[in-house]
Amino acid sequence: MSWSGHIVPFIVTVAIWFVATGLIAWADNRERATFSRSLLVGSVAGIAGLLVILVSSLSAEVWAVYLSFIGALMVWGWHELSFLTGASAGPRRGEADAALTGIARFRQAAATVMHHEVALAVTALLLISLSWNVPNQIGATVFVLMFGMRLISKINLFVGVPNSTSEMLPDQLAYLKSYFGPNRMTVLLAASIAAIATATAWFAVLALAAPAGSAAMVGASLLTTLALLGVLEHLFLALPFRDGMLWGWALPKRREAAAT
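Reading the values: the criteria
- Residues numbered from 1 in each chain as written.
- Predicted model: local features only at pLDDT ≥ 70, side-chain atom pairs only at ≥ 80, totals over all residues.
- Heavy atoms only, no water.
- Helix = DSSP H or I, 4+ residues; strand = E, 2+ residues; numbered from the N terminus.
- Buried < 20%, exposed > 50% of the residue type's maximum accessible area, 1.4 Å probe, protein only.
- Contact = heavy atoms within 4.5 Å.
- Areas by Shrake-Rupley, 256 points an atom, 1.4 Å probe, with all protein chains shown as cover.
- Lys, Arg positive; Asp, Glu negative; His and termini not counted.
- Charge placed at Lys NZ, Arg CZ, Asp CG, Glu CD.
- Patch = residues over 30% accessible without salt bridge, like charges linked within 9 Å, V, L, I, M, F, W, Y side chains within 5 Å.
- Salt bridge = Lys/Arg side-chain N within 4 Å of Asp/Glu carboxyl O.
- 1 Å grid on protein atoms, 1.4 Å probe; cavity = no way out; pocket = protein on both sides within 12 Å on 5 of 7 lines; lining within 4 Å.
- Points joined across faces, edges and corners; volume = space filled by probe spheres on them.
- Nonpolar A, V, L, I, M, F, W, Y, C, P; charged D, E, K, R; others polar.
- Phe/Tyr/Trp six-rings, centres within 6.5 Å; stacked < 30°, edge-to-face > 60°.

Draft legend 1. Examining the overall build of the chain more closely. Summing up its helical and strand segments, the chain has 10 helices and zero strands in all. Put simply, the chain runs from its N terminus to its C terminus through helices and strands in the order α-α-α-α-α-α-α-α-α-α. Seen along its three principal axes, the alpha-carbon backbone of the chain occupies a region of about 55 × 40 × 40 Å. Counting the 260 residues in the chain, one finds 47% classified as buried. Summarising the internal contacts of the chain: among those between residues at least 6 apart in sequence, 75% fall at separations of at least 24. As displayed, the chain has an accessible area near 12,700 Å², and 72% of this comes from carbon and sulfur atoms. With 15 positive and 12 negative side-chain charges, the chain shows a spacing of 5 Å between the two charge centroids.

Draft legend 2. Region of interest: a nonpolar patch on the surface. A surface patch of nonpolar side chains, amounting to about 510 Å² of accessible area, comprises Ile47, Leu51, Leu54, Val55, Leu126 and Leu130. With four residues, helix H2 (residues 35-56) is the single largest residue contributor to the nonpolar patch. On the secondary structure map, leucine 54 appears in helix H2. By relative accessible area, leucine 54 is classed as partly exposed at 33%.

Draft legend 3. Molecular detail of the side chain of glutamate 117. Within the element layout of this structure, glutamate 117 appears in helix H5 (residues 114-130). Here glutamate 117 falls in the buried class, since its relative accessible area comes to 15%. If near-sequence neighbours (up to four positions away) are discounted, glutamate 117 is found in contact with Phe147, Leu151 and Lys154.

Draft legend 4. Representation of the layout of surface pockets in the model. What the second largest pocket holds in volume is close to 250 Å³. Along the wall of the second largest pocket there are 16 residues; nearest its centre are Ile138, Ala216, Gly219, Ala220 and Leu223. Within the residue set of the lining of the second largest pocket, elements represented by two or more residues are helix H6 (138-159), helix H7 (187-209) and helix H8 (215-238). It is H8 that provides the largest number of residues to the lining of the second largest pocket, a total of five residues. When its residues are assigned to classes, the lining of the second largest pocket shows 12 nonpolar, four polar and no charged.

Draft legend 5. Quick look at the packing of aromatic side chains. A full pass over the atoms with the stated rule returns three aromatic pairs. Their ring planes at 75° and their centres at 5.4 Å tell us that tryptophan 76 and phenylalanine 143 sit as a pair that is edge-to-face. On the criterion of sequence distance, the pair formed by tryptophan 76 in helix H3 (residues 62-84) and phenylalanine 143 in helix H6 is long-range, its members being 67 residues apart. The pair formed by tryptophan 76 and phenylalanine 143 is uniform in burial state, with each residue classed as buried. Judged by centre distance (5.3 Å) and plane angle (45°), the rings of tryptophan 202 and phenylalanine 203 are tilted. Of the residues examined, tryptophan 202 reaches a relative accessible area of 52% and is grouped as exposed.

None of this, on its own, says anything about what the molecule does.
Pasting the structure below:
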């Protein structure tokens, strides 16, 4: 195991994941009057992240890999903030029609997140096109990986999972809970965990096979950790885990309630 090639990327990824998730949860659980300012800050960060990816993609050095990784997370955070504040969700903003089943229920559920998913897909395609022939493709790879894992988790929530915890879902998106499937273990969730775990193992093999301390090793280690966190988040859907156990500090309303 290489300290600079394996351990540092692991620490960096986990730290950014934990802090960034908490900051977004804090921003989208505040008063609605603060959303415009949060979106402005998020938009600036997202555009800056895109520029960071473009500049760092021209270099295959270790520092450029880290910059591309951070840039991709900045762009991703911008999309997440716009979704969770309700600025970019979907044309449907109400609860599910309990009488609908099958394809009709799926179409109605898809209408609640359509704008967000289209924005993510367009951004993914943009990053892929911009990174097609450059030496450093980590930024696009990170974004596509996160997009894929997030899409899988949404489909699982629609079908039904044993633990559809929604503590971090802000009030403005509370209606999304009505589109969650019943609390149950499904083959889809098991297959999803297995598929993401397989991707994690593949990235890990690439990291172990790369020259020690190289940009290739760092990039593969970053992707390994990110995919591993994806496995963890899907395990949370299967196990009795509360989001507030990790990010309760970031939820203003919970913190105020605890103080009274």
